[in-house]
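Coordinate inspection notes
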Amino acid sequence: MSDRFVYHCTLRWSDLDAYGHVNNSRFLTLYEEARVALMFAGGRAWGVGSFADGVVIRRHEVDYLRPVDYALGRATAEAAPTVRIELWVEEIRAASFTVAYELFDGDVLASRARSVLVPFDLTRQAPRRISAEERQFLLSYGPGGAGA
């Protein structure tokens, strides 16, 4: 398996639902933050900035394995609690790719997810194919790759 991109995401008080858990819809926001860090910051570090020009979501799939609390015991005066999100590229096609995620609350796996993404030309308002440079970057976190 390739290397995973690891992102530590800060939880916000507004992420909580009436039960004191991170709301299920907020999981998508947490996954989005990790995915944006991979594609925009990670991509730029590789010299691939084109994902910032347009990528849309075709599909999300989320499995909730256990609730995630705000965990004040893990917070400090300087930092709110965090969750760790590990993500990798599961599949690359000509004009789409699938990102898989695992979200950890401490050392406990709390959720798994997948997103199908499509590179998108915002000017033409149409999907586009993955470029050779984008493919190389995605392969570094995909089957047989060696991520940075």
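This text goes with the structure placed above it.
Residues numbered from 1 in each chain as written. Predicted model: local features only at pLDDT ≥ 70, side-chain atom pairs only at ≥ 80, totals over all residues. Heavy atoms only, no water.

1. A word on the overall build of the protein
Counting secondary structure elements, the protein contains two helices and six strands. Ordering the α and β elements of the protein from the N terminus gives β-α-β-β-β-β-β-α. Rg of the C-alpha trace for the protein: 16 Å, near the compact-globule value of 15 Å for 148 residues, within the 12% margin. Summed over its atoms, the accessible surface of the protein is roughly 7,800 Å², and 52% of this surface lies on carbon and sulfur atoms. (Helix = DSSP H or I, 4+ residues; strand = E, 2+ residues; numbered from the N terminus. Rg over C-alpha atoms; globule rule 2.2 N^0.38 Å. Areas by Shrake-Rupley, 256 points an atom, 1.4 Å probe, with all protein chains shown as cover.)

2. Some words on unusual backbone geometry
At glutamine 125, a position not held by glycine, the phi torsion is positive, near 55 degrees. Residue placement: glutamine 125 occurs in the loop between strand E5 (108-121) and strand E6 (126-127). By relative accessible area, glutamine 125 is classed as exposed at 54%. (Buried < 20%, exposed > 50% of the residue type's maximum accessible area, 1.4 Å probe, protein only.)

3. Topic: the packing of aromatic side chains
The geometry of an aromatic ring pair is captured by two quantities: the separation of the ring centres and the angle between the planes. According to the stated counting rule, one finds seven aromatic pairs in the structure shown. With centroids separated by 6.0 Å and ring planes inclined at 85 degrees, the aromatic side chains of phenylalanine 5 and tyrosine 141 adopt a geometry described as edge-to-face. Here phenylalanine 5 is found in strand E1 (residues 5-10), whereas its partner tyrosine 141 is found in the segment after helix H2 (132-139), with 136 residues between them in sequence. Judged by relative accessible area, tyrosine 141 falls into the buried class, the value being 4%. Aromatic pair phenylalanine 137 and tyrosine 141: ring centres 5.9 Å apart, planes at 75 degrees, arrangement edge-to-face. Taken as a pair, phenylalanine 137 and tyrosine 141 share a single burial class, namely buried. Here a set of aromatic residues connected by ring pairs shows up, and it is made of Phe5, Trp46, Phe51, Phe97, Phe137 and Tyr141. Across the ring face of tryptophan 88, the terminal group of arginine 4 is positioned such that the distance to the ring centre comes to 3.8 Å. Against the face of phenylalanine 104 rests arginine 84, its NZ or CZ located 4.2 Å from the ring centre. (Phe/Tyr/Trp six-rings, centres within 6.5 Å; stacked < 30°, edge-to-face > 60°. Lys NZ or Arg CZ within 6 Å of the ring centre and 35° of its normal.)

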